[in-house]
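Chains, contacts and geometry: an overview
For reference, the chains in residue letters:
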Amino acid sequence: MNDKLRPLLLKSLKEKLNGSKDVAILYSGGFESFSCLCLCLELGIKPHLYTFYLDGVESHDIRKARIDAQVFHVPLTEVKIPNDYDRLKEDVFWLIEALKTTRKTVIQCAHPLLYALPEIDEEYVVIGLERGRPWGLNQKGTTAGYKGLEEFNKYRLFAIEEQKRNSIHYIVNMINENHVCVRPYDDDDVNDWFMARGYKELNQPHAKQPILDEFAEEHKACVIKLKHASYQVESKLREFHDLLLEDNELNPNHQYKSVVGVYNNIQKLLNKEETLF
């Protein structure tokens, strides 16, 4: 087995692109999308970066995307999500009806795609989303990771199955409607590489340490450094969706404390409309 992750990712990306250089990257500037940019450059591809931001919010992601585009001399399109409550409400109704789900992560991760995908002209769209949760960087993953490799792998195998119902499944389907979605991290050899390694080997001294090590030269060129964060949180998209909790029609008497309750209520309203027709 290869000791390094980068060659496996490079092989995966090269095979999935099938010789095309007509490539876009949905770019957050996080570890995985940054590695995808570096891999494209290694293949002689100048990808077009697409990043989103909530109007009026200057997030770490948008600042890093701007710097990275300048440093590596690649085009960048900044996609603005309107900071408008009525538009938010309309978008969420559409997403719940179209995707047939009220899962919080799905709705909030898919929301930016409503604005980003129409901007993309390239055939291939690269995303840095993995198979399951190979790094284990959440409470369950960390707990399992500290119990040893066997328990860590049980958790990661469960996460792969769970992924069939989470945001990645929906995002991939949305992209594939008009493009070819490419996920270098969704690869058998890459998955085997992760499964052979425990939590500490992957995440010490820093989260996702192998990316920091294997893409160190490119990382040194960046003014803004990598950090591990949820893009819903970093972009303030989560707080934006929480505005739905203040809507008296969608949350009568403020009975829902989580926006998931509002999503479920929207689903009920949509189902009622269907029965009327």
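See the structure above.
Residues numbered from 1 in each chain as written. Predicted model: local features only at pLDDT ≥ 70, side-chain atom pairs only at ≥ 80, totals over all residues. Heavy atoms only, no water.

1. A look at the packing of aromatic side chains
Put simply, the test is: For Phe, Tyr and Trp, rings pair up if their centres lie within 6.5 Å, where Trp contributes its six-membered ring, and each pair is then called stacked (planes under 30 degrees apart), edge-to-face (over 60) or tilted (otherwise). Put simply, DSSP H or I for four residues or longer makes a helix, DSSP E for two residues or longer makes a strand, and each gets a number counted from the N terminus. Here the term buried applies to any residue with accessible area under 20% of the maximum for its type, exposed to any over 50%, and partly exposed to those in between, with areas from a 1.4 Å probe on protein chains only.
By the definition in use, this model includes 5 aromatic pairs. For the ring pair F152 and Y199, a centre distance of 5.9 Å and an interplane angle of 80° mean the geometry is edge-to-face. One end of the pair, F152, is in helix α8 (residues 149-162); the other, Y199, is in helix α11 (residues 199-203), and 47 residues separate them in sequence. Judged by its relative accessible area of 10%, Y199 falls in the buried class.

2. Details of the layout of surface pockets
The test is simple: Cavities and pockets are defined on a 1 Å grid built over the protein atoms alone: a cavity is a set of grid points where a 1.4 Å probe fits but cannot escape, while a pocket is an open set with protein on both sides within 12 Å along at least five of seven lines, and lining residues are those with an atom within 4 Å of any such point. Grid points are joined across faces, edges and corners, and a volume is the space filled by probe spheres set on the points. Three classes are used: nonpolar for Ala, Val, Leu, Ile, Met, Phe, Trp, Tyr, Cys and Pro, charged for Asp, Glu, Lys and Arg, and polar for all others, with Gly counted as polar.
Each pocket or cavity is described by its volume, and for the second largest pocket that value is around 270 Å³. The wall of the second largest pocket is formed by 14 residues, among which W94, L117, M174, E177 and N178 lie closest to the centre. At the level of elements, α4 (85-99), α6 (113-116) and α9 (167-176) are the ones that each hand at least two residues to the lining of the second largest pocket. Looking at which element gives the most residues to the lining of the second largest pocket, the answer is α9, with 4 residues. Across the lining of the second largest pocket, the residue classes tally to 9 nonpolar, 4 polar and 1 charged.

3. Remarks on the packing of α8 against helix α10 (residues 188-195)
Using the following cut-off: To get an axis, a line is fitted to the C-alpha atoms, and for a helix only the part in contact is used. The angle between two axes follows their N-to-C directions and goes from 0 to 180 degrees. For this analysis, residues touch if any pair of their heavy atoms sits within 4.5 Å.
Running from N to C, α8 and α10 point in directions that differ by 145°, and their axes come no closer than 10 Å. From α8, L149, N153, R156, L157 and I160 reach across to α10, where they touch N191, F194 and M195. Partitioned by chemical class, the residues of the contact of α8 with α10 number 5 nonpolar, 2 polar and 1 charged.

4. Concerning the sheet that holds strand β5 (residues 180-182)
Put simply, the rule is: Two strands qualify as a pair provided that DSSP identifies no fewer than 2 bridges between them.
In space, the 5 strands of this open sheet follow the order β3-β2-β1-β4-β5, with parallel pairing throughout. Only two strands of the sheet have a single partner each, and these edge strands are β3 (76-81) and β5. Neighbour-to-neighbour, the strand axes of the sheet open up by a mean angle of 30°, direction not taken into account. Docked against the sheet, helix α1 (residues 6-17) engages β1 (23-26), β4 (124-126) and β5, running at close to 160° with respect to β4.

5. Concerning a negative patch on the surface
The condition that has to hold: Residues with no salt bridge and a relative accessible area higher than 30% make up the patches, which join like charges within 9 Å and nonpolar side chains (Val, Leu, Ile, Met, Phe, Trp, Tyr) within 5 Å. Areas reported here follow the Shrake-Rupley algorithm with a probe of radius 1.4 Å; residue values treat only the protein chains shown as occluding. Between Lys or Arg on one side and Asp or Glu on the other, a salt bridge is scored when a side-chain nitrogen of the former is within 4 Å of a carboxyl oxygen of the latter. The charged-residue count follows a simple rule in which Lys and Arg add positive charge and Asp and Glu add negative charge, with His and chain termini not counted at all. Note that the charge is assigned to NZ on lysines, CZ on arginines, CG on aspartates and CD on glutamates.
Together, D22, E119, D121 and E123 give the surface a local cluster of negative charge. Counting through the fold element by element, E123 comes out in the loop between α6 and β4. By relative accessible area, E123 is classed as partly exposed at 40%.

Bear in mind that shape data such as this cannot, by itself, settle questions of function.
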